[in-house]
Amino acid sequence: MAGGITDIKKLEYEIYKYSSYSSSYLPENIREDNPTNQTSRWSSNTNSPPQFLVLKLERPAIVTKIKFGKYEKTHVCNLRKFKVLGGLEEERMMLLFEGGLKNDSLPETFSLKHRTNSGELMPIKFIQIVPLLSWGPSFNFCIWYVELLGIEDSIFILSNLRKYNMLREVEIVRLFMKHCRQQGYVKAFSSLQEETGVRLEDDKMTELHEILVNKGDFKKTEEILVDFINNGLMDDYLLKQEYKPHWNLQLTPEHEPRPGRRGGHQLIIDPLTSTVYLYGGWDGSEDLSDLWSYDVKSNQWMLIHEKSELLDGPSPRACHKMVYDTKNSQIFMIGRYLDSASRTEENINSDFYLYNTVSKSWFMICNDTAQVGGPQLVYDHQMCIDVDKQTIYVFGGRILEPKYSFTFRNEEETTGDYKYSGLFSYHISTNTWNHILVDCGHPSAASPHVQSIKSRVTHSMLFHHKHRKLYIFGGQRGKDYMTDFLIYDVDSNELSNMTPENVGTDSKNVPQSGFTQRATIDCDKDEIYVLTSLSKEKERRDLNINSCWLFSLAKREWCCIYKSDHSIGENCYLKNQNACPEPCPRYAHQIVYDQANQVHFLFGGNPGMNSHFRLDDFWMLRLEKPTRDNILRYCKYLLRKQEYEEIAKSNPLSAISYLQTKLYDIIDHNDPTQLKEFHKLASLLFKSESTDCGTEPTSLLTCPRAGSLKPNSQKHPNEHEPHEESAKMMRVESPKCTDEADGSSISSLSSECSTSHTTRAIPSTSSSTSSFSSRTRKVNDHTFELKIRRCLLYNKLVDLLPESLCQPKKNISDFVLL
């Protein structure tokens with residue numbers, strides 16, 4: 001077959017439509033790439049939305065990438081945020097990309113969505129570029145150059161157009177079928193399915209709908225859902241739920257040994273044995289050189305030795321870094337902090353040590369790594385190990401130099417003009433160092449043949465052994481707080497800068513820079529965890545709050561798992577830690593991640609209230625998502641609440657018994673929230689029988705508890721709050737639909753379809769016939785009302801299951817405008 005996804009070429013286009021332009025900055029200018037010509041650009045005449053450019057291709061094509069050229073210098077009108085839409089018709093375009101350009105002179109290329117949700121290639125003819133924000137917020141929008149890349153082979157495109165139109169046809173039929181089933185048009189539904197051969201959903205879902213909505217067999221529905229959950233059909237939904245943090249203070253008996261108060265120490269973990277190692281730190285008076293181990297399984301500390309310098313080990317130190325080599329059961333250590341008075345030619349050396357955890361012996365690898373091609377003496381650096389290639393990476397940190405005159409030292413501290421270390425690698429088996437990237441302030445950085453990097457302190461660096469990449473983000477350089485996210489590919493030696501998808505002008509979407517952040521990584525989940533806490537800088541003490549962040553490498557998105565309301569104004573670090581639900585804010589602490597047990601451990605640090613006071617508390621942080629048991633309880637609760645409401649309308653005595661048994665069994669009676677909502681269900685028994693059947697019953701589903709939303713959360717105006725409330729009861733988040741029309745349209749069916757059924761009743765002039773018709777209407781309305789409510793419940797269950805098995809999320813009514 002002619003053409004293919006690999007046959008990518010530049011696509012020709014014309015400027016089809018635009019919102020505005022300023023002076024001579026015509027839309028046509030974006031077709032030519034002239035980075036040295038400041039006038040070769042399109043500029044809107046205002047930054048008031050909507051501003052846009054619509055590009056029209058010569059013929060339909062598969063557009064895979066879009067390239068933006070730039071001016072040779074940074075420019076305030078560059079697009080900091082924009083989105084790209086595309087479609088076969090101008091009026092019907094979908095989102096293909098949303099992001100932003102860096103404010104530099106380098107062209108950028110972005111991949112566009114070019115496949116349907118089912119994986120088929122998607123031809124388009126129109127591209128719309130919508131600027132949202134420029135780097136200078138008060139400036140108009142500018143685009144310098146746009147190039148579209150993709151496939152336009154006519155035979156290949158024609159074939160994919162046919163497939164795409166067939167998919168659209170199938171979706172149209174499915175929408176009709178969903179509408180017919182919701183409206184109760186059984187014959188129309190069956191005829192449409194038989195004639196087209198299109199299935200609305202998987203047979204499992206059709207069976208669920210029949211048993212729940214049409215038959216009202218709640219017991220059988222529960223059995224089906226148990227089978228769904230046990231077979232993992234709701235696992236994807238559970239994985240999408242947010243983590244809930246749980247802190248636990250790890251206490252040990254008073255007579256058992258444990259490390260004392262300290263900050264600037266180091267924690268590492270042997271993931272194979274779940275053993276944590278702690279070394280050194282500053283206790284408020286002096287540096288320490290003790291080595292401890294902690295067994296996670298037995299929750300026991302053991303002092304390996306108190307003074308390592310007596311065993312040919314390193315001298316007392318703080319602000320050093322360590323890594324653990326699982327292949328050889330060895331600890332590597334480099335770096336330390338020395339105050340200015342101690343920085344002499346004799347002790348300014350960068351010593352490099354190894355500790356063998358099997359033989360329990362120290363070995364000095366090198367007295368001064370700077371003499372053999374390694375880093376100078378540094379502190380506040382970062383260190384990672386590639387166990388497979390037996391390579392250690394050391395990046396950043398402030399370089400310590402011998403004591404200077406008071407005048408020079410004072411000037412250095414005032415201006416922040418410190419020296420920073422670059423990126424180094426150490427190959428264990430050959431005992432060799434390599435200076436991979438020099439700091440941008442290094443004299444050689446100006447050479448075009450030398451790769452450089454902007455070094456920093458208080459940053460994070462993590463190694464992903466599957467991606468074979470170092471992830472570096474955050475940190476501080478002088479008085480600059482850095483928010484960039486760097487990626488270094490250790491195999492290709494390529495350095496790149498990643499822009500997270502959800503980072504824009506709102507700084508709340510990312511961890512605050514300048515914090516003494518601590519980060520860990522789970523390579524199996526492709527997740528990075530960052531704990532930020534107390535800032536060293538006094539002028540940033542307004543940011544002093546514990547927060548835990550997650551960065552998804554798959555989605556390239558940050559999300560905040562939690563922010564604490566822990567008060568530091570009350571000197572909580574002086575209180576009995578048993579009374580505190582989580583650690584107080586601090587810096588100079590350390591954390592490690594036990595991937596086998598999926599828990600974090602935090603020890604010690606400086607609470608920032610007293611120059612000599614340090615902490616010795618030891619915490620475990622577990623990040624949990626809802627489990628299969630949680631979602632099963634949630635599903636059972638939804639079903640049993642619906643069944644209870646139906647029983648309550650016809651047989652209050654049976655409803656009381658049902659409430660006391662079936663519903664009582666799945667409520668956590670130690671949880672005040674669940675208990676309160678359970679008690680509310682009893683109010684349904686006191687409703688008048690004459691209440692209009694179209695009115696929503698007073699139940700947990702429709703009467704949410706006031707103030708039930710999470711602290712600091714904002715509720716979307718279209719969100720179904722009752723649904724959210726019932727979800728919180730079972731400690732599982734309610735499904736977040738991409739489109740909420742299902743619920744609203746189904747709900748509106750109640751009145752519409754009741755009217756429809758009423759008009760179908762046979763008219764009569766006799767009183768007896770009229771009475772009979774009235775009773776018939778009442779029965780019809782009641783039956784239809786039950787189906788409506790069961791259908792609403794069915795739709796909630798649909799949101800918990802894979803989209804590939806279920807009916808379309810949207811409704812026909814979403815596309816009908818009158």
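Residues numbered from 1 in each chain as written. Predicted model: local features only at pLDDT ≥ 70, side-chain atom pairs only at ≥ 80, totals over all residues. Heavy atoms only, no water.

A few words now on a nonpolar patch on the surface. A cluster of nonpolar side chains, Tyr18, Tyr21 and Leu26, forms an exposed patch at the surface whose accessible area comes to about 270 Å². In this fold, leucine 26 is placed in the loop between strand E2 (13-18) and strand E3 (42-43). What makes leucine 26 partly exposed here is its relative accessible area of 35%. (Patch = residues over 30% accessible without salt bridge, like charges linked within 9 Å, V, L, I, M, F, W, Y side chains within 5 Å. Areas by Shrake-Rupley, 256 points an atom, 1.4 Å probe, with all protein chains shown as cover. Salt bridge = Lys/Arg side-chain N within 4 Å of Asp/Glu carboxyl O. Helix = DSSP H or I, 4+ residues; strand = E, 2+ residues; numbered from the N terminus. Buried < 20%, exposed > 50% of the residue type's maximum accessible area, 1.4 Å probe, protein only.)

Attention shifts here to the nonpolar core. If you look at soluble globular proteins, the nonpolar side chains tend to sit buried side by side. Judged by nonpolar contacts, the single largest core of 29 residues is most densely connected at Leu55, Ile127, Val146 and Leu148. Taken together, the elements giving at least two residues each to this core come down to E2, strand E4 (53-69), strand E5 (79-89), strand E6 (92-99), strand E8 (124-134) and strand E10 (145-151). A total of seven residues in this core trace back to one element, the largest contributor, which is E4. Contact partners of isoleucine 127, with chain neighbours within four places excluded, come to Leu53, Val54, Leu55, Val63, Val84, Leu85, Gly86, Leu96, Leu112 and Leu148. (Core = buried A, V, L, I, M, F, W, Y, C linked by side-chain atoms within 4.5 Å. Contact = heavy atoms within 4.5 Å.)

On the secondary structure map, glutamine 266 appears in strand E12 (residues 266-270). Within the structure, the side chain of glutamine 266 is placed 3.3 Å from the side chain of glutamine 590, a separation counted as a polar contact. Aside from chain neighbours lying at most four places away, what touches glutamine 266 is Tyr277, Leu278, Tyr279, His320, Lys321, Met322 and Gln590. (Polar contact = N/O pair within 3.5 Å; in protein donor to acceptor, adjacent residues only side chain to side chain.)

Among the five residues that make up strand E28 (residues 469-473), four are buried, leaving the element largely enclosed by the rest of the structure. Bridging between strand E27 (residues 460-464) and E28 involves five bridges; their strand directions are antiparallel. Within E28, the residue paired with histidine 464 across the bridge is lysine 469. Turn length for the E27-E28 hairpin, with the two strands adjacent in sequence and antiparallel, is four residues, and the turn residue arginine 468 shows positive phi of about 60°. The pairing of E28 with strand E31 (residues 485-489) spans five bridges and is antiparallel. Bridge pairing in E31 links tyrosine 471 to isoleucine 487. (Pairing = 2+ DSSP bridges.)

Low pLDDT means the predicted coordinates in that region are not meant to be read closely. Confidence in the prediction for the protein averages 84 pLDDT; 82% of positions are at 70 or higher. In the model, residues 688-731 has pLDDT below 50 throughout and makes 90 contacts with residues more than four positions away in sequence or in other chains. Low pLDDT, under 50, characterises residues 736-765; the predicted model gives this stretch 49 contacts beyond four residues in sequence or across chains. (pLDDT = per-residue confidence, 0-100.)

The tally for this structure, following the rule as stated, stands at 36 aromatic pairs. Ring centres of tyrosine 277 and tyrosine 324 lie 5.9 Å apart, and the angle between their planes is 10°; on these two criteria the pair is classed as stacked. Note that tyrosine 277 is positioned in strand E13 (residues 275-282) and tyrosine 324 in strand E16 (residues 321-325), a separation of 47 residues in sequence. When the centroid spacing of 5.4 Å and the interplanar angle of 55° are considered together, the rings of phenylalanine 352 and tryptophan 433 count as tilted. Of the two residues, phenylalanine 352 is situated in strand E18 (residues 352-356) and tryptophan 433 in strand E25 (residues 432-439); the sequence distance between them amounts to 81 residues. There is no split in this pair, since phenylalanine 352 and tryptophan 433 are both buried. Through successive ring pairs, a cluster of aromatic residues spans Trp292, Tyr294, Trp301, Phe601, Phe603 and Phe618. A cation sits over an aromatic face here: arginine 31 above tyrosine 13, 5.9 Å from the ring centre. Here the basic side chain of lysine 625 rests over the ring of tyrosine 243, its NZ or CZ set 4.7 Å away from the ring centre. (Phe/Tyr/Trp six-rings, centres within 6.5 Å; stacked < 30°, edge-to-face > 60°. Lys NZ or Arg CZ within 6 Å of the ring centre and 35° of its normal.)

So, on to the packing of helix H1 (residues 154-183) against helix H2 (residues 186-196). For the pair H1 and H2, the least separation of the axes is 8 Å and the interaxial angle reads 155°. By the angle class used here, H1 and H2 are roughly antiparallel. Where H1 crosses over H2, the two elements pack in a sense that is left-handed. The residues of H2 that touch H1, namely those facing Val173, Phe176, Met177, Cys180 and Arg181, are Ala188, Phe189, Leu192, Gln193 and Thr196. Of the residues in the contact of H1 with H2, the class split is seven nonpolar, two polar and one charged. (Axes fitted to C-alpha atoms, helices over the stretch in contact; angles between N-to-C directions. Parallel < 35°, antiparallel > 145°, perpendicular 65-115°, else oblique. Left-handed = near helix turned anticlockwise from the far one by under 90°. Nonpolar A, V, L, I, M, F, W, Y, C, P; charged D, E, K, R; others polar.)

The next point concerns the sheet that holds E27. Strand order in this open sheet of four strands is E27-E28-E31-E32, and the pairing throughout is antiparallel. In this open sheet, the two strands that pair with only one neighbour each are E27 and strand E32 (494-497). Pairs of neighbouring strands in the sheet enclose a mean axial angle of 20°, with direction left out of account.

Right, let's talk about the sheet that holds strand E22 (residues 391-395) for a bit. A sheet is described by the order of its strands in space; here five strands give the open sequence E21-E22-E24-E25-E26, paired in mixed fashion. In the strand order of this sheet, the two ends are held by strand E21 (382-386) and strand E26 (452-453), each with one partner. Alignment of E22 against strand E24 (residues 423-427), held across five bridges, turns out to be antiparallel. Its bridge partner being in E24, phenylalanine 395 is matched across the sheet by leucine 423.

Let's shift gears to the packing of helix H4 (residues 218-230) against helix H7 (residues 628-650). Following both chains from N to C, one finds H4 and H7 inclined at 165°, their axes separated by 10 Å at the closest point. Compared by their axis directions, H4 and H7 come out roughly antiparallel. Crossing of H4 over H7 shows right-handed handedness. Between H4, through Phe218, Thr221, Glu222, Leu225, Val226, Ile229 and Asn230, and H7, the contact on the second element is made entirely by Arg628, Ile631, Leu632, Cys635, Lys636, Leu639, Arg640, Gln642, Glu643 and Glu646. Broken down by class, the residue content of the contact of H4 with H7 amounts to eight nonpolar, three polar and six charged.

This next bit is on H4. Within an α-helix, residues lying three or four positions from one another point in the same direction, as the helix has 3.6 residues per turn. Taking 1.5 Å per residue, 13 residues should reach 18 Å; H4 reaches 18 Å between its end C-alpha atoms and fits that length. Phe218, Thr221, Glu222, Ile224, Leu225, Phe228 and Ile229 are the residues of H4 that are buried. Down the axis of H4, the smallest arc covering the buried residues is 165°, so these residues share one side. Residues Lys219 and Asn230 are exposed on H4 and point more than 90 degrees away from its buried face. (Expected span 1.5 Å × (residues − 1). Arc of directions from axis to C-beta.)

On to the pairing of E22. Of all five residues making up E22, five are buried, and the element is well covered by its neighbours. Residues Thr391, Tyr393 and Phe395 line one face of E22 and the alternating positions Ile392 and Val394 line the opposite face, and both faces are buried. Where E21 lies against E22, five bridges are found, and the strand directions are antiparallel. Counted as the bridge partner of aspartate 386 is threonine 391 from E22. Hairpin remark: E21 followed by E22, antiparallel, with four residues in the connecting loop; positive phi at glutamine 390, about 50°.

Counted under the stated rule, the structure contains 31 salt bridges. The closest approach of N and O atoms between arginine 174 and glutamate 171, which form a salt bridge, is 2.8 Å. Of this pair, arginine 174 and glutamate 171 are both found in helix H1, three residues apart, which corresponds to roughly one turn of the helix. With a relative accessible area of 13%, arginine 174 lands in the buried category. When the shortest N-O distance is used, the salt bridge between lysine 220 and glutamate 223 registers 4.0 Å. One end of the pair is lysine 220 and the other is glutamate 223, both in helix H4 and three residues apart, which spans about a single turn. Note on glutamate 223: relative accessible area 43%, which makes it partly exposed.

As for its position among the elements, asparagine 78 is in the loop between E4 and E5. Beyond its immediate stretch of four places on either side in the chain, asparagine 78 contacts Asn103, Asp104, Leu133, Ser134, Trp135, Cys142 and Trp144.

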